[in-house]
Amino acid sequence: MENKNNGSPKAGNVSVQEGKLNRWINGVSILIPVVVALLFGIRIPDVEPLGFLPPVYATINGLTAVLLLVALWAIRTKRQVLHSRLMTTCIVLSLLFLVMYVAYHMTSDSTPFGGEGYVRYLYYAILISHIVLSIAVIPLVLRTYAKAYLKDFRGHRRLARITFPVWLYVAVTGVVVYLMIAPYYPY
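This text gives an overview of the structure that appears in the document.

Thresholds applied
Residues numbered from 1 in each chain as written. Predicted model: local features only at pLDDT ≥ 70, side-chain atom pairs only at ≥ 80, totals over all residues. Heavy atoms only, no water. Helix = DSSP H or I, 4+ residues; strand = E, 2+ residues; numbered from the N terminus. Expected span 1.5 Å × (residues − 1). Bend = angle between axes of the 7 residues up to and from the residue. Buried < 20%, exposed > 50% of the residue type's maximum accessible area, 1.4 Å probe, protein only. Salt bridge = Lys/Arg side-chain N within 4 Å of Asp/Glu carboxyl O. Axes fitted to C-alpha atoms, helices over the stretch in contact; angles between N-to-C directions. Parallel < 35°, antiparallel > 145°, perpendicular 65-115°, else oblique. Left-handed = near helix turned anticlockwise from the far one by under 90°. Nonpolar A, V, L, I, M, F, W, Y, C, P; charged D, E, K, R; others polar. Phe/Tyr/Trp six-rings, centres within 6.5 Å; stacked < 30°, edge-to-face > 60°. Patch = residues over 30% accessible without salt bridge, like charges linked within 9 Å, V, L, I, M, F, W, Y side chains within 5 Å. Areas by Shrake-Rupley, 256 points an atom, 1.4 Å probe, with all protein chains shown as cover. Lys, Arg positive; Asp, Glu negative; His and termini not counted. Charge placed at Lys NZ, Arg CZ, Asp CG, Glu CD.

**Things to note about helix 4 (residues 118–149)**
Phase 1: Between the first and last C-alpha of helix 4 there are 45 Å, a value that for 32 residues agrees with the 46 Å anticipated at 1.5 Å per step.
Phase 2: Where helix 4 bends most, at V137, the angle is about 30°, and the proline P139 comes one to four residues later.
Phase 3: Taken residue by residue, helix 4 has Y123, I126, L127, H130, V137, I138, V141, L142, T144, A146 and K147 as its buried positions.
Phase 4: Trailing helix 4 by a residue or two, K151 shows a phi angle of about 65°, which is positive.

Here it is in structure tokens:
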């Protein structure tokens, strides 16, 4: 099988691998938001609310933001191994965040935002953009990671220019949303 770009059989195999990965990525990118939405409607009965989790997962968001910035520095200073390890760590932290976030919402009622006036509008603008982009970033992160895994570094860089600012925004606004709603938690 030949790739039209450079005619090498190896490139054709990468294209096949990328196609398989993209199908997997598409499935995961749909499955995660659907499962999270379904789990939001489930309350585990007779379980103590996990009220300690919001500051923990907000800290994970903050750490992810810092590590994303360090990873950017690492790649710009040609420290590819460090960059790779940091990006893998960011993905693991994001998964850990997701598990804690779902666990919290399965044991606790959602906390209404108590702010008023322009602060309320600001909170909801940040929250809505955070939620929408947190869904959109899933396939971006996975495709960017897959490009690096397949050693398509040109494609990786091109996609990372989109993925990085979106992921950083999601991580930072996760902390901002927590800080804005924290005074209204019942715990």
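Let's pick the thread back up.
**Quick look at the pattern of salt bridges**
Phase 1: All chains considered together, the criterion is met by 3 salt bridges.
Phase 2: As a salt-bridge pair, R43 and D109 come within 3.5 Å of each other at their nearest N and O atoms. Of the two residues, R43 sits in the loop between helix 1 (9–40) and helix 2 (53–76) while D109 sits in the loop between helix 3 (80–107) and helix 4, which places them 66 residues apart along the sequence.
Phase 3: Residue R43 is classed as partly exposed on the basis of its relative accessible area, which comes to 36%.
Phase 4: The closest approach of N and O atoms between D152 and K147, which form a salt bridge, is 3.4 Å.
Phase 5: According to the relative accessible area criterion, D152 is partly exposed, its value standing at 24%.
Phase 6: The exposure class of K147 is buried, given its relative accessible area of 18%.
Phase 7: Salt bridges sharing common partners tie together E18, K147 and D152.

**Section: the packing of helix 2 against helix 3**
Phase 1: Close contact between helix 2 and helix 3 brings their axes to 9 Å; oriented N to C, the two are set at 165°. Classified by the angle between their axes, helix 2 and helix 3 sit roughly antiparallel to one another. As helix 2 runs across helix 3, the sense of the crossing is left-handed.
Phase 2: Within the contact of helix 2 with helix 3, the residues separate by chemical class into 24 nonpolar, 7 polar and no charged.

**Here we look at the packing of aromatic side chains**
Phase 1: One pass over the full model with this rule turns up 11 aromatic pairs.
Phase 2: With a centroid separation of 5.3 Å and 90° between ring planes, the pair formed by Y57 and F97 is classed as edge-to-face. In this pair, Y57 is assigned in helix 2 and F97 in helix 3, connecting sequence segments 40 residues apart. Across this residue pair, the class does not change: Y57 and F97 are buried.
Phase 3: Ring plane angle 20° and centroid distance 5.5 Å describe the contact between F97 and Y101, whose orientation is recorded as stacked. Residue F97 and its partner Y101 are both found in helix 3; the two are separated by 4 residues, about one turn of the helix.
Phase 4: Residue class for F97 comes out buried when judged on its relative accessible area of 17%.
Phase 5: Given the relative accessible area of 25%, Y101 is considered partly exposed.
Phase 6: By way of ring pairs, the aromatic residues F40, Y57, F97, Y101, Y104, Y178 and Y185 are connected into one cluster.

**Considering a positive patch on the surface**
Phase 1: On the surface, a cluster of positive charge is made up of R76, K78, R154, R157, R158 and R161.
Phase 2: Broken down by element, the residue count for the positive patch peaks at 4 residues, all from helix 5 (residues 153–181).
Phase 3: Tracing the backbone through its elements, the reader meets R158 in helix 5.
Phase 4: Note on R158: relative accessible area 52%, which makes it exposed.

So far we have only geometry, and geometry alone does not tell us how the molecule works.
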